[in-house]
Amino acid sequence: MATPEGNEERIERRIAFAEEVRAATGIDEDMIRRLVHAFYARVRDDEVLGPIFAARISDWEPHLERMCAFWSSVVLMTGRYHGRPMPAHAPLPVTAEHFDRWLALFADTAARQCPPPAAARFVERAKAIAESLELGIATYRGQVLEPGQRLT
C-alpha cells in the first residue's frame, strides 16, 4: 500500500519532470490544448481518418478533453488521463495506412502549432503510441507482426 509520503514523492517527481519539459520545450497545458484541437479539426476533415472518427464520435467536446488529458499525461506526466486506449482502439477498422496518415497529420499539425523542440517531443511520443496501438490491434486480430511488418 502506498504511503502518503510515497504519494507526495511521486507528485513532486511529476511536477519536477513537467517543469523540465516546459523549460526545454515550452510545452504547457495551453499548448497541448491548441495542438489537440487543431489536430482533431484536421482529422474530422480528412478523407482517410474522418469517416472512422465520425462513425464513433458524435460529441467531440468530451473526446477533445480526454485527448488533452491523455497528451498532458504522456508529455508532462501529469497523471490527468485515466483511460485504457487499447480496448477503445482494438476493434477499429484500420490498417497501416491509417496509422501513417494519423502520424503525418499529427506531425504537420505539431510543426504548425508548436516551436520545434515541442513539436519534436510530441511527434516522438506519437510515433511510439502509434507503434504500440498498431501492434496491439494486430494482436487483437490474431496477427503476429514480425519486425518491419505492418497492420493489414
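Placed above this text is the structure.
All of the points below concern the structure found in this document. Every chain is numbered on its own, with residues counted from 1 as its sequence reads. Side-chain atom pairs in this predicted model are given and counted only at pLDDT of 80 or more, local residue features only at pLDDT of at least 70, and totals for whole chains, interfaces and linings cover all residues. Heavy atoms from the whole structure form the basis of all side-chain values; hydrogens and water molecules are not counted.

A closer look at the nonpolar core
So, point 1. Working definition of a nonpolar core: buried Ala, Val, Leu, Ile, Met, Phe, Trp, Tyr and Cys residues. They are joined through side-chain atoms within 4.5 Å. Only protein chains enter the accessibility calculation, which uses a 1.4 Å probe; a residue whose area is less than 20% of its type maximum is buried, one above 50% is exposed, and one in between is partly exposed. Counting residues in each nonpolar core, the largest one holds 45 residues, and the members touching the most others are Ile 27, Val 36, Tyr 40, Trp 71, Trp 102, Phe 106 and Phe 122.
So, point 2. The helix count covers DSSP runs of H or I at least four residues long, the strand count covers runs of E at least two residues long, and both are numbered beginning at the N terminus. Counting residues per element, the ones that place at least two in this core are helix H1 (4-25), helix H2 (29-45), helix H3 (50-54), helix H4 (60-76), helix H6 (96-113) and helix H7 (116-140).
So, point 3. Look past the residues within four positions of Trp 71 in its chain and what remains in contact with it is Ile 32, Val 36, Leu 76, Trp 102, Phe 106, Phe 122, Arg 125, Ala 126 and Ile 129. It only takes one pair of heavy atoms within 4.5 Å for two residues to be counted as in contact.

Examining the packing of aromatic side chains
So, point 1. Two aromatic rings, drawn from Phe, Tyr or Trp (for Trp, its six-membered ring), form a pair once their centres lie within 6.5 Å of each other, and the interplanar angle then sorts them: stacked below 30 degrees, edge-to-face above 60, tilted otherwise. Scanning the entire structure with this criterion turns up 11 aromatic pairs.
So, point 2. Where Phe 39 meets Tyr 40, the ring centres are 4.8 Å apart and the plane angle is 70°; that geometry is what we call edge-to-face. Accessibility assignment for this pair places Phe 39 and Tyr 40 in one class, buried.
So, point 3. Measuring from ring centre to ring centre gives 5.7 Å for Phe 39 and Trp 102, while their planes differ by 90°; the resulting arrangement is edge-to-face. Residue Phe 39 is found in helix H2, and its partner Trp 102 is found in helix H6; the two are separated by 63 residues along the sequence.
So, point 4. When its relative accessible area of 1% is taken as the criterion, Phe 39 is described as buried.
So, point 5. A relative accessible area of 14% places Trp 102 in the buried class.

Observations regarding the pattern of salt bridges
So, point 1. Each reported salt bridge corresponds to a side-chain nitrogen of Lys or Arg within 4 Å of a carboxyl oxygen of Asp or Glu. Tallied over the entire structure, the rule returns 9 salt bridges.
So, point 2. With its nearest N and O atoms 2.7 Å apart, the salt bridge here joins Glu 65 to Arg 33. Of this pair, Glu 65 sits in helix H4 while Arg 33 is found in helix H2, placing the two residues 32 residues apart along the sequence.
So, point 3. For Glu 65, a relative accessible area of 32% puts it in the partly exposed group.
So, point 4. Where Asp 108 meets Arg 42, a salt bridge forms, and the shortest distance between an N and an O atom there is 2.7 Å. You can see Asp 108 sitting in helix H6 and its partner Arg 42 sitting in helix H2, a full 66 residues away along the chain.
So, point 5. Salt bridges linked by common partners bring Arg 33, Glu 61 and Glu 65 together as one network.

As for the side chain of His 63
So, point 1. Within the secondary structure layout, His 63 lies in helix H4.
So, point 2. Contact partners of His 63, with chain neighbours within four places excluded, come to Tyr 40, Phe 53 and Ile 57.

Topic: the environment of Ala 54
So, point 1. Mapped onto the secondary structure, Ala 54 falls in helix H3.
So, point 2. Given a relative accessible area of 55%, Ala 54 falls into the exposed group.
So, point 3. Between the alpha carbons of Ala 54 and Arg 44 there is a distance of 7.2 Å; along the sequence they are 10 residues apart.

Here's the deal with the state of the cysteines
So, point 1. Disulfides are defined as pairs of cysteine sulfur atoms found within 2.5 Å of each other. Enumeration over the complete set of coordinates arrives at 0 disulfides.
So, point 2. This cysteine, Cys 68, is not joined by any disulfide, and Cys 114 carries the nearest cysteine sulfur, 12 Å off.
So, point 3. The exposure class of Cys 68 is buried, given its relative accessible area of 4%.

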